[in-house]
Amino acid sequence: MRLDVQPMISAETIAAHVALLASRICEDYAGKCITLLIVLKGGAWFGADLARALPPDTRVEFIRAKSYVADSSSGEVRFLVEPEATLRGRDVLIVEDILDTGNTLAAILNRVAAFAPASLRVCALLDKPARRRVPVQADYVGFEIPDAFVVGYGLDYDEAYRTLPAIYRLVPE
Ligand code: IMP
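Residues numbered from 1 in each chain as written. Predicted model: local features only at pLDDT ≥ 70, side-chain atom pairs only at ≥ 80, totals over all residues. Heavy atoms only, no water.

Draft legend 1. Local environment of the site of the ligand. Of all residues adjacent to the ligand, which total 14 residues, the nearest are Thr 101, Gly 102, Thr 104, Lys 128 and Val 150. The separation between an oxygen atom of the ligand and a polar side-chain atom of Glu 96 is 3.4 Å. Gly 102 is positioned with one of its backbone polar atoms (N or O) 2.8 Å from an oxygen atom of the ligand. Computed on the free molecule, the ligand has an accessible area of 490 Å², of which 82% lies beneath the protein chains in the complex. The site holding the ligand turns out to be the largest pocket. Where the shell around the ligand is concerned, the elements lending two or more residues are β5 (91-99) and α3 (103-113). For the shell around the ligand, the element with the most residues is β5, which contributes three residues. (Near = heavy atom within 4 Å. Polar contact = N/O pair within 3.5 Å; in protein donor to acceptor, adjacent residues only side chain to side chain. Areas by Shrake-Rupley, 256 points an atom, 1.4 Å probe, with all protein chains shown as cover. 1 Å grid on protein atoms, 1.4 Å probe; cavity = no way out; pocket = protein on both sides within 12 Å on 5 of 7 lines; lining within 4 Å. Sits in = over half its atoms within 2 Å of the grid points. Helix = DSSP H or I, 4+ residues; strand = E, 2+ residues; numbered from the N terminus.)

Structure below.
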C-alpha cells in the first residue's frame with residue numbers, strides 16, 4: 001500500500017473544520033467547563049488543535065482503548081490508559097480520530113458512563129457511516145468520508161504516517 005498522490009483532506013481544510021467544530025462546541029457548552037477526553041493515540045493531534053480553540057478552563061484527560069478482534073464479528077476492547085481525574089459530575093466530551101465500526105466508541109461510552117459524568121458527548125474528526133456495525137454516533141463530526149483506509153493527522157497504518165499534516169487515502173501499489 002502507498003499514500004495517494006493528493007491528500008483527501010488538506011491541512012488547511014482540517015484547520016477550518018476544527019475551528020467550525022470548536023465554535024459550535026463553545027456555543028453548546030456556554031457557561032460550562034468542558035472536560036475533553038482524548039482517545040489515544042490517534043485523537044491526540046485533533047484533540048490538541050481542538051483544545052487550543054476552546055475556553056481556557058477546558059480540562060484534558062486521556063483514554064486509550066485497544067481492540068482485539070477475535071473474528072470478523074466480535075471485538076474485545078481493553079483499556080491501556082484511563083483518565084486520571086474523576087469524571088463524576090463533569091461535562092465530558094470524548095474526542096476520537098475516526099468512527100468506523102463503532103465498536104471502540106461503544107466500549108468507551110460504556111466505560112465513561114460508569115464514572116457518572118453530568119453530560120457525555122462525542123466529537124469525531126472523521127466518520128465512516130457505511131462501516132458502522134454498532135449503533136453509535138458522534139454529536140460533532142468534522143468530515144463524513146467513504147469507506148476508505150486513511151492515514152495522517154494522527155491516523156496510522158501499523159504506527160506509520162501519524163505525523164503527516166494532511167489526511168491521505170492508502171491505495172494499492
Ligand atoms: P472502530 O472500533 O471500528 O470504530 O474503530 C475505531 C479505531 O479504528 C479508530 O480509532 C482507529 O484507530 C482505527 N481506524 C478505523 N478506520 C481507520 C482508518 O481508515 N485509518 C486508520 N485507523 C482507522
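Draft legend 2. Highlighting helix α1 (residues 11-28). Here α1 spans 26 Å end to end across 18 residues, near enough to the 26 Å set by a 1.5 Å rise per residue. Within α1, the full set of buried residues consists of Ile 14, Val 18, Leu 21, Ala 22 and Ile 25. Seen along its axis, α1 keeps its buried residues to an arc of 105 degrees; they face one direction. In α1, the exposed positions angled more than 90 degrees off the buried face are occupied by Glu 12, Leu 20 and Glu 27. On its buried face, α1 sits against β2 (34-40), α2 (43-51), β5, β6 (119-127) and β7 (140-144). (Expected span 1.5 Å × (residues − 1). Buried < 20%, exposed > 50% of the residue type's maximum accessible area, 1.4 Å probe, protein only. Arc of directions from axis to C-beta. Contact = heavy atoms within 4.5 Å.)

Draft legend 3. Summary view of the sheet that holds strand β1 (residues 2-3). With antiparallel pairing, the three strands of this open sheet are ordered in space as β1-β9-β8. On the outer flanks of this sheet lie β1 and β8 (150-151), each paired with one strand and no other. (Pairing = 2+ DSSP bridges.)

Draft legend 4. Seen up close, unusual backbone geometry. Along the chain, Leu 40 connects to Lys 41 via a cis peptide bond; the corresponding omega equals -5 degrees. The residue Lys 41 is located in the loop between β2 and α2 in this model. One non-glycine residue, Tyr 161, lies in positive phi territory at about 75 degrees.

Draft legend 5. Spatial organisation of the packing of α1 against α2. At a minimum axis separation of 9 Å, α1 and α2 run at an interaxial angle of 60 degrees. Relative to α2, the element α1 is oriented oblique. As for the relative orientation of α1 and α2, their crossing is right-handed in sense. Here Val 18, Leu 21, Ala 22 and Ile 25 of α1 lie close against α2, whose contacting residues are Phe 46, Asp 49 and Leu 50. Considered class by class, the residues forming the contact of α1 with α2 number six nonpolar, no polar and one charged. (Axes fitted to C-alpha atoms, helices over the stretch in contact; angles between N-to-C directions. Parallel < 35°, antiparallel > 145°, perpendicular 65-115°, else oblique. Left-handed = near helix turned anticlockwise from the far one by under 90°. Nonpolar A, V, L, I, M, F, W, Y, C, P; charged D, E, K, R; others polar.)

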